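Survey of secondary and tertiary structure
Spelled out from the first residue to the last, the chains are:
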Amino acid sequence: QAPLVESGGGLVQPGGSLRLSCAGSDSGFPLGRYAVGWFHQAPGKERAGVSFIDNSAWGTVTTFYSDSVKGRFTISRDDAKKTVYLQMNELEPEDTGVYYCAADLRVSTVRAGRAVYWGQGTQVTVSS
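Everything in this summary refers to the structure shown in the same document. On a predicted model such as this, the values are computed, not experimentally measured, just so you know.

Considerations on the state of the cysteines
- Applying the stated criterion to the full structure yields 1 disulfide.
- One disulfide in the model links cysteine 22 with cysteine 101; its S-S distance is 2.1 Å. Its torsion about the S-S bond being 70°, the disulfide of cysteine 22 and cysteine 101 is classed as right-handed. Highlighted residues: cysteine 22 in strand β3 (residues 18–24) and cysteine 101 in strand β9 (residues 97–104), separated in sequence by 79 residues. Each member of the pair, cysteine 22 as well as cysteine 101, carries the same accessibility label: buried.

Okay, here's the thing in structure tokens:
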């Protein structure tokens, strides 16, 4: 099994919302130590970064959003639950695809697509 597990995907109509979750496949996985990113792979296209959140090592959390999702998606983390979320609102058909989460100690490594830990993805389909 992959070290990370995504959940929350499904079929929604345009304009709808979903909340994706990312957690360790092992409940003891220390996700709070890691920067986490969400990636989107549309059908027939390459995987692209969507949103990233740093760990809390410095006492503050920095987030990043791609231009295509800015203002619609929100990334957050609950370290007590060892879970990172991606709240997706105002979903569009172009958001359809598989969403993966990835984690590593450095957010720069995650953003570059070189994270050590990955999930197997969760399918999101936006269609009327």
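Structural notes on the packing of aromatic side chains
- Counted by the stated rule, this structure contains 6 aromatic pairs.
- An angle of 65° between the planes, with centres 5.3 Å apart, marks the rings of tyrosine 34 and tyrosine 117 as edge-to-face. Of this pair, tyrosine 34 sits in the loop between β3 and β4 (35–41) while tyrosine 117 sits in strand β10 (residues 117–118); the two residues are 83 residues apart in sequence, bridging distant segments of the chain.
- Owing to a relative accessible area of 7%, tyrosine 34 belongs among the buried residues under this scheme.
- Tyrosine 117 gets classed as partly exposed once you look at its relative accessible area, which sits at 24%.
- With a centroid separation of 5.8 Å and 40° between ring planes, the pair formed by phenylalanine 52 and phenylalanine 64 is classed as tilted. With phenylalanine 52 in strand β5 (residues 48–53) and phenylalanine 64 in strand β6 (residues 63–65), this residue pair connects regions lying 12 residues apart in the sequence.
- Judged by relative accessible area, which is 3%, phenylalanine 52 ranks as buried.

Points about the environment of arginine 77
- Relative to the helices and strands, arginine 77 resides in strand β7 (residues 73–78).
- Taking the C-alpha atoms as reference points, arginine 77 and glutamine 13, separated by 64 residues in sequence, lie 26 Å from one another.
- Those residues in contact with arginine 77 that lie beyond four places of it in its chain are Leu31, Gly32, Tyr34, Ala35, Val36, Ile53, Asp54, Asn55, Thr83 and Val84.
- A polar atom in the side chain of arginine 77 sits 2.8 Å from the backbone oxygen of tyrosine 34.
- Here the side chain of arginine 77 touches aspartate 54 through a polar contact of 2.9 Å, landing on its backbone oxygen.

Conventions used here
Residues numbered from 1 in each chain as written. Predicted model: local features only at pLDDT ≥ 70, side-chain atom pairs only at ≥ 80, totals over all residues. Heavy atoms only, no water. Disulfide = S-S within 2.5 Å. Helix = DSSP H or I, 4+ residues; strand = E, 2+ residues; numbered from the N terminus. Buried < 20%, exposed > 50% of the residue type's maximum accessible area, 1.4 Å probe, protein only. Phe/Tyr/Trp six-rings, centres within 6.5 Å; stacked < 30°, edge-to-face > 60°. Contact = heavy atoms within 4.5 Å. Polar contact = N/O pair within 3.5 Å; in protein donor to acceptor, adjacent residues only side chain to side chain.

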